[in-house]
Amino acid sequence: MPAPAPGAQLSEVPSGPRPLPLLPSQLLPLAAPDLSSLRASGQWSSPPTPAAMKIAVIGQSLFGQEVYCHLRKEGYEVVGVFTVPDKNGKADPLGLEAEKDGVPVFKFPRWREKGQALPDVVAKYQALGAELNVLPFCSQFIPMEVINAPRHGSIIYHPSLLPRHRGASAINWTLIHGDKKGGFTIFWADDGLDTGDLLLQRECEILPDDTVSTLYNRFLFPEGIKGMVQAVRLIAEGRAPRVPQPEEGATYEGIQKKETAKINWEQPAEAIHNWIRGNDKVPGAWTEACGQKLTFFNSTLNTAGLVPEGEALPIPGAHRPGLVTKAGLILFGNDDRMLLVKNIQLEDGKMIPASHFFRGEDSSALELTEAELVTMEAVRSAWKRILPNVLEVEDSTDFFKSGAASVDVVRLVEEVKELCDGVELENEDVYMATTFKDFIQLLVRKLRGDDKESECIIDYVEKVVNKLTLRMPHQLFIGGTFMDAEGAKTYETINPTDGSVICQVSLAQVSDVDKAVAAAKDAFENGLWGKISARDRGRLLYRLADLMEQHQEELATIEALDAGAVYTLALKTHVGMSIQTFRYFAGWCDKIQVTPLTALKFAELTLKAGIPKGVINIIPGSGSVAGQRLLDHPDVRKIGFTGSTEMGKHIMKSCALSNLKKVSLELGGKSPLIIFADCDLSKAVQMGMSSVFFNKGENCIAAGRLFVEDSIHDQFVQKVVEEVKKMKIGNPLDRDTNHGPQNHQAHLRKLIEYCQRGVKEGATLVCGGNQVPRPGFFFEPTVFTDVEDHMFIAKEESFGPVMVISRFADGDVDTVLSRANATEFGLASGVFTRDINKALYVSDKLEAGTVFINTYNKTDVAAPFGGFKQSGFGKDLGEAALNEYLRVKTVTFEY
């Protein structure tokens with residue numbers, strides 16, 4: 001599914017007079033994503049071949065490397081690259097790339113001494129004859145003799161919207177000040193500090209939980225590369241503007257260092273959050289507590305559903321003690337608002353989850369299998385390649401103390417992902433496990449699927465059923481956490497097989513719905529789901545489908561226990577089709593029609609799959625309370641509903657009155673099945689039985705009325721009754737059971753009343769019509785004949801195992817079509833005939849969203865599904881379903 005992109009605007013400022021070029025500022029080097037695929041993608045449209053402009057690239061890092069690569073791709077001649085000397089035996093990426101291309105590379109340790117340019121350095125630069133200096137990122141001071149030398153001057157990238165945040169820590173200060181907009185500037189160098197004329201700027205929205213790294217990786221790095229190439233293109237075409245920077249709004253902040261990053265607690269929670277994220281990862285906001293210096297990372301103001309209960313952490317100077325909870329460390333501003341910190345770095349450099357602060361060292365080291373030992377040695381080789389100055393990588397080797405930088409973190413993560421077939425590994429994991437032994441333990445836990453760092457505390461209900469020990473969550477699932485409903489409200493979920501109570505399930509209240517909506521809104525607007533690529537979202541859904549498959553027997557058993565579904569049927573359809581659906585869309589998921597315990601078990605699997613918190617929230621509750629609040633909530637923009645037509649009308653009205661929510665409805669049905677005399681009778685009987693009795697009739701597309709041609713009517717009824725008598729009614733977990741209990745007792749009572757009314761109105765009850773005399777909510781498979789069009793059972797859906805049969809005259813196709821269409825419902829329909837022309841004619845005339853020909857209930861996740869008339873609108877499944885969850889936007893851009 002396409003993800004919403006952050007807002008961005010490219011603006012070229014008008015031209016103006018040209019002042020002198022500048023001394024480039026020092027910028028913070030950051031790890032960046034692998035953009036090798038970006039180079040080959042269509043995002044980089046090449047203009048007509050530019051004039052052969054000679055360029056000198058002065059800088060370093062992956063950012064400098066990418067700018068260099070794209071300039072060469074666009075046809076510019078890079079006459080030389082000036083970068084930093086090798087560090088710990090490792091060359092800078094920019095220099096490495098240029099050396100591969102045979103471009104002259106210079107690694108001057110300095111360009112000047114005692115304020116004066118070094119003549120031999122300047123001479124080597126001037127010998128290249130550069131016409132433009134491009135400084136994508138440079139930590140060295142470049143003398144004015146070099147800045148002024150090219151005929152086009154020098155351009156520099158700066159990661160802020162100048163004149164705001166001049167200086168070396170611009171990204172940090174953008175976040176510390178809580179700016180809502182950020183971006184970058186490409187300007188003409190002069191002899192001031194980030195004061196040169198503007199060439200172009202590009203801005204982006206600052207997300208509430210952005211850190212230096214996320215802002216850089218999401219926007220400043222990829223868009224900055226394109227911006228630098230765009231700037232060079234404008235210069236080559238003679239269209240590059242030069243606009244003097246205004247002094248109004250100009251700010252300058254110094255380099256942010258560890259000693260200046262101490263947290264001031266006398267400020268609101270939002271300011272503390274901004275300070276922490278503005279120093280995340282470098283240099284790291286810190287405080288003193290428990291006799292040591294603690295550095296905080298991964299801060300958020302999203303505390304929806306978070307209860308401030310935990311072990312107190314006294315912090316000198318803080319308004320209130322912190323609280324170590326299972327979600328992390330809760331901190332308080334002087335306004336009593338909360339913020340949450342998820343990671344803490346101890347004074348010895350070890351990074352831990354904040355929730356583990358009071359835990360001792362984990363001594364439960366994993367014993368590795370032979371295959372895992374092979375993986376360990378392959379990872380050891382990767383560490384050796386990245387850390388060339390380390391002779392032997394031992395268990396105690398520390399990645400960062402051995403000379404690794406942030407760029408090496410990216411390289412390690414990508415190499416291990418490739419080595420371990422796409423294991424879920426993040427840059428954060430390297431910071432959390434810095435020694436080789438700790439890293440291997442973390443990696444193996446992830447490969448085994450029992451990563452302790454991502455564990456969620458779950459209060460299970462355990463039952464031994466079907467030779468399995470079921471561990472079933474029973475609380476609300478909001479923002480990636482299982483929690484009680486407000487006031488600890490619960491309701492009983494009943495086993496329909498024997499009427500016993502399975503467990504108490506949390507019953508969502510209005511405030512719980514508000515928490516879930518807030519979590520979903522934050523996940524949609526600010527969370528990881530919208531930031532990762534569509535391919536990565538698809539990969540997560542594939543992983544979720546794999547986990548569902550691994551737990552398929554458990555899910556099917558819960559479905560049998562909680563809903564009365566026959567186990568073998570649940571295994572194939574209820575769970576099996578859900579798995580197919582996730583795999584088909586891999587970026588969009590169909591709603592799962594399950595009872596609360598299956599849905600909550602599914603929620604647990606989403607955590608194991610790595611679905612970001614807040615993307616999926618499950619809140620069991622009543623329609624009148626939880627459902628109505630969803631309909632009324634101003635932040636909910638789309639409602640999908642499966643249920644009765646009456647309730648569908650209420651939902652449409654509520655959605656219109658609240659905020660004109662988009663709605664898709666799958667409502668009631670009275671699906672007609674027409675059986676012609678020229679059909680394969682044995683197959684028609686078999687599929688006719690399935691059309692009605694599948695899942696004990698609790699099936700939205702069940703054939704609500706069968707029209708059987710007169711000449712085969714009696715024979716058809718006789719064969720159906722014979723087959724009904726063979727059906728085994730019993731415990732849905734028994735493998736030979738093919739008819740289980742109805743979902744709940746109230747529905748059972750309605751079925752009894754439904755059949756009583758059919759008899760009263762004159763229909764012939766051939767078999768069934770009563771509750772089965774045994775514990776539980778079992779209803780007999782039922783067959784009615786002689787059903788006339790005016791009767792209640794001819795018009796209304798039973799949603800149970802009730803076959804309603806009517807005759808039609810031989811050869812009277814149009815009349816039976818008229819009778820089949822004489823309903824306000826139009827979800828599904830079917831026809832059995834050997835005559836292909838008749839089948840096509842009937843299927844064309846039937847007013848239903850789905851028509852089955854010589855089969856029934858045979859759906860495919862790739863085929864659109866939805867009803868006509870009062871059976872609702874909107875499509876599930878297939879490509880058409882995507883449109884229900886997307887918005888079409890038109891952008892008109894004049895350049």
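In what follows, the structure referred to is the one given above.
Residues numbered from 1 in each chain as written. Predicted model: local features only at pLDDT ≥ 70, side-chain atom pairs only at ≥ 80, totals over all residues. Heavy atoms only, no water.

Visitor: Go over the packing of aromatic side chains, please, and point to the residues and values.
Guide: Following the criterion strictly, the structure yields 22 aromatic pairs and no others. Residues Phe106 and Phe108 carry aromatic rings whose centres are separated by 5.8 Å and whose planes lie at 35° to one another, so their mutual orientation is tilted. Owing to a relative accessible area of 18%, Phe106 belongs among the buried residues under this scheme. Ring geometry for Phe357 against Phe358: centres 5.1 Å apart, planes inclined by 75°, an arrangement best described as edge-to-face. Here Phe357 falls in the buried class, since its relative accessible area comes to 13%. Under the relative-accessibility criterion, Phe358 is labelled partly exposed at 34%. Following the ring pairs from residue to residue traces out a cluster consisting of Phe63, Tyr157, Phe184, Tyr216, Phe219 and Phe221. The ring of Phe778 carries Arg774 above its face, with NZ or CZ at 4.3 Å from the centroid. (Phe/Tyr/Trp six-rings, centres within 6.5 Å; stacked < 30°, edge-to-face > 60°. Buried < 20%, exposed > 50% of the residue type's maximum accessible area, 1.4 Å probe, protein only. Lys NZ or Arg CZ within 6 Å of the ring centre and 35° of its normal.)

Visitor: How would you explain the sheet that holds strand E30 (residues 802-808) if you had to name every residue and give the values?
Guide: As summarised here, the arrangement of the seven strands in space is E28-E29-E30-E27-E26-E32-E33, forming an open sheet in which the pairing is mixed. In this open sheet, the two strands that pair with only one neighbour each are strand E28 (764-767) and strand E33 (850-853). Taking the axes of each pair of neighbouring strands and ignoring which way they run, one obtains an average angle of 20° across the sheet. Pairing between strand E32 (residues 828-832) and E33: four bridges, direction parallel. (Pairing = 2+ DSSP bridges. Helix = DSSP H or I, 4+ residues; strand = E, 2+ residues; numbered from the N terminus. Axes fitted to C-alpha atoms, helices over the stretch in contact; angles between N-to-C directions.)

Visitor: Any details on the nonpolar core? Residues and values, ideally.
Guide: In terms of nonpolar packing, the biggest core is built from 42 residues, with Ile55, Phe63, Leu71, Val134, Ile155 and Val232 touching the most fellow members. With 13 residues, the single largest contributor to this core is helix H7 (residues 212-236). Those residues in contact with Leu71 that sit more than four places away from it in its chain are Ile55, Val57, Tyr76, Val134, Val229 and Val232. (Core = buried A, V, L, I, M, F, W, Y, C linked by side-chain atoms within 4.5 Å. Contact = heavy atoms within 4.5 Å.)

Visitor: An account of the packing of helix H21 (residues 681-693) against helix H22 (residues 710-726) is needed here, citing residue identities and associated values.
Guide: To characterise two packed helices, one gives the angle between the axes of the helices and the distance between these axes. Running from amino to carboxyl end, H21 crosses H22 at an angle of 60°, the nearest separation of the two axes being 10 Å. Classified by the angle between their axes, H21 and H22 sit oblique to one another. With respect to the hand of their crossing, H21 and H22 are arranged in right-handed fashion. Here Leu681, Ala684, Val685, Met689 and Phe693 of H21 lie close against H22, whose contacting residues are Ile712, Gln715, Phe716, Lys719, Val720, Glu723 and Val724. Across the contact of H21 with H22, the residue classes break down as nine nonpolar, one polar and two charged. (Parallel < 35°, antiparallel > 145°, perpendicular 65-115°, else oblique. Left-handed = near helix turned anticlockwise from the far one by under 90°. Nonpolar A, V, L, I, M, F, W, Y, C, P; charged D, E, K, R; others polar.)

Visitor: Describe the packing of helix H2 (residues 61-73) against helix H3 (residues 93-100), and please don't skip the residues or the numbers.
Guide: Two elements in contact, H2 and H3, have axes separated by 7 Å at closest approach and are oriented at 30°. One element, H2, and the other, H3, form an angle in the roughly parallel class. Taken together, the residues of H3 that come into contact with H2 (itself represented by Ser61, Leu62, Gly64, Gln65, Tyr68 and Cys69) are Pro93, Leu94, Glu97 and Ala98.

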